[in-house]
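# Fold and geometry: a report
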Amino acid sequence: MTEVMIDAVPLADGGTELFDWMARMRDHHPVWREGDGAYHVFRYVDVERVLTDHAAFSNDISRINPELAEISQGNINSMDPPGHTKLRRLVSKAFTPRTVGALAPRIASLADELLEEVTAQEFDLVDALTFPLPVIVISELLGVPASDRHLFRTWINRMLNAQSMTAREGITSESPEYADLLEQVTKDMADYLLQHCRDRRLHPRDDLISALCTAEVDGERLSEDEVVKFADIVFMAGSVTTTLLLGSSVLCLDAHPEAMAAVRRDAALIPPAIEEVLRYRAPFTTASRITAAEVELGGVTIPENRVVTPWLMSANHDERRIADPGRFDIRRDPNPHLAFSHGIHFCIGAPLARLEAKIALEALLRRFPSLEVDRSVEIGYHERGMWGPKNLPVIARPN
């Protein structure tokens, strides 16, 4: 049946095809296996269960690929309790509401500085703001030079391109070559972060890498490898998520002029508008889990050690949970979206992403009373697994 052919769906498209396909899957194939590979999950209630029930749905990818055991060791995104609980407690201290809130003045200053550098009326917003802002913020938080952001962009693009390539070429987390590919695309950044880790062991500073280097779990310091993996996850999650969210926010507001006019009139609407963007066009379309034992989900029995792919984007558009999900409503209340996941693996950088998006949109709308997406220029979208523009041409007129 054509509606279950995932390869025929434009997963990197700004149109409606993906959403039409997800609606058909929710109606007719809510839990569906892709050939002999992953089980895809589309309805809100089932997606929420997969994200929440960590005993049944594990994050330990080495269950299905022993080659990844060494790479995933110490990686908080590939761990289950109790190890995950201990390590998350450490890094979460850097993302408490109070700690994140204290960054607001610096974020506002950076946003203004970046927009001051814009001199043309037609420019690319990804280059000007949505990429550099979160990269600089997370670099300063970690304690690495923001001036190296050209390197960071190279490494981030390499990782994102590899993710797209695995989808195109049928390489999955179970494939023997997956571990080699993952190591290749992360090696340069890991080596870079390792140098900073070793420097902080000798010369601690007031930054997150130093805090990780000196922290203890059950009386033991984190290894260099664990610190590097922590820093890598924080950097990727803290930059890519915000870049995607900011780009999608501008696209959504531009496509809904009444919403754009409303947030211009009342800045208090910006936070709920961001929540609606997170629901309507979540930065990450899917997550991934591994069954820890045989489990029944949505009427389908899934054996032990099988990949399960919960579709966050589909859950956020499920009519069974979200009223009128196709409508972009910046006043939606409640808005129980799953864009940042749910349960113990809820995105640790969510408070920072929300704050950066709020401040950046405020600065953008304040500086440019006229701002529109230039749709005469082709916009490229990230592929399977993510949602957001790779480039965002805009026409803007400053005050």
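Our structure is the block above this text.
An account of the accompanying structure is given in this report. Small disclaimer: the values here were computed from a predicted structure and weren't measured.

We now examine the side chain of Thr-309. Relative to the helices and strands, Thr-309 is located in strand β10 (residues 307–310). The buried category is assigned to Thr-309, whose relative accessible area is 10%. Sequence-distant contacts of Thr-309, that is, excluding residues within four places in its chain, are made with Ala-38, Tyr-39, His-40, Val-41, Thr-286 and Ala-287.

Quick look at the nonpolar core now. The biggest cluster of nonpolar side chains holds 108 residues, and the ones touching the most others in it are Phe-95 and Leu-392. No other element matches the 16 residues that helix α12 (residues 224–255) contributes to this core. In this view, Leu-392 contacts Phe-123, Asp-124, Leu-125, Val-126, Gly-247, Val-250, Leu-251, Val-373 and Ile-379; residues no more than four positions away in its chain are not counted. In terms of nonpolar packing, the next biggest core, distinct from the first, is built from 17 residues, Val-31, Val-41, Leu-51 and Leu-297 among them.

Read from one edge of the open sheet, 5 strands run β1-β2-β10-β7-β3, paired in mixed fashion. Unpaired on one side and paired on the other, β1 (31–33) and β3 (57–58) mark the two borders of the sheet. Of the pairings in the sheet, the one linking β3 to strand β7 (residues 289–291) comprises 2 bridges and is antiparallel in character. Note on β7: the bridge partner recorded for Ser-58 is Ile-290. Of the strands in this sheet, β1, β2 (39–41), β3, β7 and β10 are in contact with helix α2 (residues 44–52), which crosses β10 at around 125°.

This structure, assessed with the given rule, holds 12 aromatic pairs. Their ring planes at 70° and their centres at 5.5 Å tell us that Phe-19 and Trp-387 sit as a pair that is edge-to-face. Note that Phe-19 is positioned in helix α1 (residues 17–28) and Trp-387 in the loop between β11 (370–373) and β12 (393–397), a separation of 368 residues in sequence. Of the two residues examined, Phe-19 and Trp-387, each falls in the buried class. Ring geometry for Phe-123 against Phe-368: centres 5.7 Å apart, planes inclined by 40°, an arrangement best described as tilted. Here Phe-123, found in strand β4 (residues 122–124), pairs with Phe-368, found in the loop between α16 (350–367) and β11; they are 245 residues apart in sequence, far enough to count as distant.

Thresholds applied
Residues numbered from 1 in each chain as written. Predicted model: local features only at pLDDT ≥ 70, side-chain atom pairs only at ≥ 80, totals over all residues. Heavy atoms only, no water. Helix = DSSP H or I, 4+ residues; strand = E, 2+ residues; numbered from the N terminus. Buried < 20%, exposed > 50% of the residue type's maximum accessible area, 1.4 Å probe, protein only. Contact = heavy atoms within 4.5 Å. Core = buried A, V, L, I, M, F, W, Y, C linked by side-chain atoms within 4.5 Å. Pairing = 2+ DSSP bridges. Axes fitted to C-alpha atoms, helices over the stretch in contact; angles between N-to-C directions. Phe/Tyr/Trp six-rings, centres within 6.5 Å; stacked < 30°, edge-to-face > 60°.

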